[in-house]
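Residue-level structural notes
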Amino acid sequence: MALVRAGLVVLDCAEPEKLAAFYKDLLDAEETDATANRVEIQGACGTRMAFRRDVNATPPSWPRPENSLQAHLDFYVDDLDEAERRIVSLGGRPVDTKEPAGPFEERGYSDPAGHSFTLRREHPTAPKQG
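On a predicted model such as this, the values are computed, not experimentally measured, just so you know.

Okay, the nonpolar core next. One broad trend across soluble globular proteins is that nonpolar side chains are buried collectively. Among the nonpolar cores identified, the biggest contains 21 residues, and Y23, I41, M49, F51, F75, F117 and L119 are the most heavily contacted of them. Secondary structure elements with two or more residues in this core: β1 (9–13), α1 (16–27), β3 (38–42), β4 (48–53), β5 (73–77), α2 (80–89) and β8 (116–121). Per-element accounting of this core gives the leading share, 5 residues, to α1. Non-local contacts of Y23, meaning those with residues more than four positions away in its chain, are made with L11, D28, A29, I41, M49, F51, L73, F75, D111 and F117.

With that settled, the discussion passes to α2. If you check which residues of α2 are buried, you get L80, A83 and I87. Down the axis of α2, the sector holding all buried residues measures 65 degrees, keeping them to one side. Seen from the buried face of α2, the exposed residues on the opposite side, beyond 90 degrees, are E82, R85 and S89. The positive-phi residue at the C-terminal boundary of α2 is G91, with phi of around 105 degrees.

Okay, the pattern of salt bridges next. Per the counting criterion, the structure on display carries 10 salt bridges. R52 is paired through a salt bridge with D12; the nearest N and O atoms lie 2.9 Å apart. Residue R52 is located in strand β4, and its partner D12 is located in strand β1; the two are separated by 40 residues in the primary sequence. Taking relative accessible area as the criterion, R52 reaches 35% and is therefore assigned partly exposed.

Moving on, we get to the sheet that holds β1. If you walk across this open sheet you meet the 4 strands as β1-β4-β3-β2, and the pairing is mixed. Strands with a single pairing partner mark the edges of an open sheet, and in this sheet they are β1 and β2 (30–34). When strand polarity is set aside, the average angle formed by the axes of neighbouring strands in this sheet is 25 degrees. Bridge analysis of β1 against β4 gives 5 bridges, and the strand direction is parallel. From the neighbouring strand, V9 faces β4, where its bridge partner is M49.

Moving on: the sheet that holds strand β7 (residues 106–110). Pairing is mixed across the open sheet formed by 4 strands, whose spatial order is β5-β8-β7-β6. Whereas interior strands pair on both sides, the edge strands pair on one side only; in this sheet they are β5 and β6 (93–96). Averaged over all pairs of adjacent strands, the angle between their axes in this sheet comes to 35 degrees, without regard to strand direction. When β6 meets β7, the two strands line up antiparallel, connected through 3 bridges. Its bridge partner being in β7, R93 is matched across the sheet by S110.

With that settled, consider α1. Here α1 is 12 residues long and its end C-alpha atoms lie 16 Å apart, about the 16 Å a rise of 1.5 Å per residue gives. Every buried residue belonging to α1 is among P16, L19, A20, F22, Y23 and L27, and all of these are buried. The buried side chains of α1 occupy one side of the element, clustering within an arc of 155 degrees when seen end-on. Of the surrounding elements, those touching the buried residues of α1 are β1, β3, β4, β5, α2 and β8. Remark: D28 follows α1 within two positions and exhibits a positive phi of approximately 50 degrees.

Rules used in this analysis
- The residue count restarts for each chain, going from 1 along the sequence in the order it is written.
- Where local features are concerned, this predicted model is filtered to residues with pLDDT of at least 70; where side-chain atom pairs are given and counted, the filter is 80 or more; whole-chain, interface and lining totals use all residues.
- The basis for the side-chain values is all heavy atoms of the structure; hydrogens and waters are excluded.
- Here the nonpolar core consists of buried residues drawn from Ala, Val, Leu, Ile, Met, Phe, Trp, Tyr and Cys, with membership extended through side-chain atoms lying within 4.5 Å.
- Here the term buried applies to any residue with accessible area under 20% of the maximum for its type, exposed to any over 50%, and partly exposed to those in between, with areas from a 1.4 Å probe on protein chains only.
- Numbered from the N terminus, helices here are DSSP runs of H or I no shorter than four residues, and strands are runs of E no shorter than two.
- Should any heavy atoms of two residues lie within 4.5 Å, those residues are considered in contact.
- Of all possible arcs, the one meant is that of the directions from the helix axis to the C-beta atoms.
- The term salt bridge refers to a pairing of a side-chain nitrogen on Lys or Arg with a carboxyl oxygen on Asp or Glu at a separation within 4 Å.
- We treat two strands as partners when DSSP finds at least two bridges between them.
- Only the stretch in contact is used when a helix axis is fitted, and all axes are lines through C-alpha atoms; the angle between N-to-C directions ranges over 0 to 180 degrees.
- A helix's residues, less one, multiplied by 1.5 Å, set its expected span.

Printed below as a string of structure tokens:
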């Protein structure tokens, strides 16, 4: 039997209920647990996340070069444009949506609390390199 069975990503934020609502809509998720200071969700594809209240939370400042990227989330999508419209409608914002060179398509965003995440095409459309 495994020592650790499962894990989840926990994001600190000032308003966990609001941030959980953003990710519930984005991931087609359901709330699995909630207390006064924490909300947990599980997405339709199995992604598990929690949002913990920290009244002193300050948004990460990425992508400013003087600050390092502490952590971010990656999500796979089929249609980057459709996903971007959804993110913006839910209160997220684009931070790096230029199309990168190379075989993988991705775009960067921040959630309403300022945490960064990346959308990637699950199946690259560019020809294989090399």
